[in-house]
Amino acid sequence: MSFRPTLFEYIMFMYIFNLTENPYVKRPFNIFSKVMPGLYVGNYRDSKDANQLNKHKITHILAIHDTARRIHSDKHYLCVMASDSPDQNLSQYFSLCNDFIHAARLRGGNVLIHCLAGMSRSVTVAVAYIMTVTNLNWKESLKVVKAGRAVANPNLGFQKQLQEFETLRVAEERRRLKERYPSLALVKGDQEQCMLMLDNYEELLQSRSICEGRCALGEECPTGLCRSTAQKEGQIETLDGRNQKCQEVQAQLVIGAIAAPHLLPQDPSLARLD
Ligand SMILES: [Zn+2]
């Protein structure tokens, strides 16, 4: 089997591993996306960039990916080992992550949640947290994140876990977090920020700065989430019935192809890059 990444996939690889400064690839991967006061979502590259971390006064880093580990000795870390597979159980970590994020924010800290591309795993954790500290459902919480980070796009399995979290567990998790951290210091600011972000989301959608995975074949997708090639290969279905390919899975495929071929998933529909 041979692996020949497309130009886009090659650029993704180069960008994530800090090998290029091409401004074209910065557009879909905003550096340090602020989604709430004291809460940022980023990619692996962001997590290594000491200048960016200091610029945004990041005190806490929640790393959630296959090889999560402490990089900066002067930051507080929560490292969660998790793959971007739809089968990966992420919801088992929601309470742990909520405690870490909430305690940090209550102390006036700034938290960066990052995975590899900052699209699926980190976004899922951010969505679960926002659901817990507000009364928003998972789709609204995802809009809040997307307004700050247009490429936010949890894989189908994670979307299902967020839906289940909403149906079965979030009420209890809200009670648990309030009991453990009775302070109401963040409540008003978070509510206001979420309303603002939901307004921003609608404006960004209107101006086609973000999309909901529904760009037609051949139409230019503002975030690159619905690239025409994605509709031909390796499709992942979203909860609202549309097909799109998770770019984070794709990024891992590229990395797997170049760095470690054995990491390629077994699903034959995802095994080809071109
Ligand atoms: Zn699109």
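Residues numbered from 1 in each chain as written. Predicted model: local features only at pLDDT ≥ 70, side-chain atom pairs only at ≥ 80, totals over all residues.

- Per an unreviewed UniProt entry, the recorded name for the protein chain is Dual specificity protein phosphatase 15, and the organism is Henosepilachna vigintioctopunctata.
- Heading Sequence similarities (unreviewed entry) of the UniProt record for the protein chain holds this comment: "Belongs to the protein-tyrosine phosphatase family. Non-receptor class dual specificity subfamily."
- The record in UniProt for the protein chain states the following under Subcellular location (unreviewed entry): "Cell membrane". (UniProt positions renumbered as here; feature names shortened; annotations may be inferred.)

**Considerations on the sheet that holds strand β5 (residues 111-114)**
Move 1: Taken in spatial order, the 5 strands line up as β1-β2-β5-β3-β4 in an open sheet, and their pairing is mixed. At either margin of the open sheet sits one strand with a lone partner, and together these are β1 (33-36) and β4 (76-81). Strand-to-strand twist across the sheet, computed as the mean angle between neighbouring axes with direction ignored, equals 20°.
Move 2: For strand β3 (residues 60-65) and β4, the ladder comprises 6 bridges, and the chain directions are parallel. Across the sheet, Ala63 pairs through a bridge with Cys79, a residue of β4. (Pairing = 2+ DSSP bridges. Helix = DSSP H or I, 4+ residues; strand = E, 2+ residues; numbered from the N terminus. Axes fitted to C-alpha atoms, helices over the stretch in contact; angles between N-to-C directions.)

**Focus: the environment of Leu53**
Move 1: Within the element layout of this structure, Leu53 appears in helix α3 (residues 50-55).
Move 2: What makes Leu53 buried here is the crowd of 23 C-beta atoms within 10 Å.
Move 3: On a C-alpha basis, the gap between Leu53 and Asn110 in space is 9.5 Å, while along the polypeptide they are 57 residues apart.
Move 4: For Leu53, the contacting residues outside a window of four places in its chain are Ile58 and His72. (Buried ≥ 20, exposed ≤ 12 C-beta atoms within 10 Å, placed from the backbone. Contact = placed C-beta atoms within 7 Å.)

**Focus: the nonpolar core**
Move 1: In this structure, Leu62, Cys97, Ala126, Val127, Ile130 and Val145 are the most contacted members of the largest nonpolar core, which totals 60 residues.
Move 2: For this core, the element with the most residues is helix α5 (residues 121-133), which contributes 9 residues.
Move 3: Beyond its immediate stretch of four places on either side in the chain, Leu62 contacts Leu78, Cys97, Phe100, Ile101, Val111, Ile113 and Val125. (Core = buried A, V, L, I, M, F, W, Y, C linked by C-beta atoms within 7 Å.)

**Some thoughts on helix α4 (residues 94-106)**
In an α-helix, one full turn covers 3.6 residues, which means residues spaced three or four apart are oriented alike.
Move 1: With 13 residues, α4 should cover 18 Å at 1.5 Å per step; its first-to-last C-alpha distance of 18 Å lies within 8% of that length.
Move 2: What α4 keeps buried is the set Phe94, Cys97, Asn98, Phe100, Ile101, His102, Ala104 and Arg105.
Move 3: Of the residues one or two after α4, Gly108 is the one with positive phi, at around 85°. (Expected span 1.5 Å × (residues − 1).)

**Topic: the packing of α4 against α5**
Move 1: It is at 10 Å that the axes of α4 and α5 come closest, and there the two elements cross at 75°. Considered as vectors, α4 and α5 are oriented roughly perpendicular to each other. Two secondary-structure elements touch here, α4 through Phe94, Cys97, Asn98, Ile101 and His102 and α5 through Val125, Ala128, Tyr129, Thr132 and Val133.
Move 2: Residues that form the contact of α4 with α5 fall into these classes: 7 nonpolar, 3 polar and no charged. (Parallel < 35°, antiparallel > 145°, perpendicular 65-115°, else oblique. Nonpolar A, V, L, I, M, F, W, Y, C, P; charged D, E, K, R; others polar.)

**Re the packing of α4 against helix α7 (residues 156-180)**
Move 1: The contact between α4 and α7 brings their axes to 11 Å, and the two run at 40°. On the basis of the axis angle, α4 is oblique to α7. In this structure, α4 crosses over α7, and the sense of that crossing is right-handed. Along its contact with α4, which presents Phe94, Ser95, Asn98, Asp99 and His102, the element α7 presents Phe165, Glu173, Arg176, Leu177 and Arg180.
Move 2: Grouping the amino acids of the contact of α4 with α7 by side-chain chemistry returns 3 nonpolar, 3 polar and 4 charged. (Left-handed = near helix turned anticlockwise from the far one by under 90°.)

**Some points on the confidence of the model for the protein chain**
Move 1: In this model, the protein chain carries an average pLDDT of 79, and 72% of its residues clear a pLDDT of 70 or more.
Move 2: Every residue in residues 228-274 is under pLDDT 50, and counting partners more than four places away or in other chains gives 86 contacts. (pLDDT = per-residue confidence, 0-100.)

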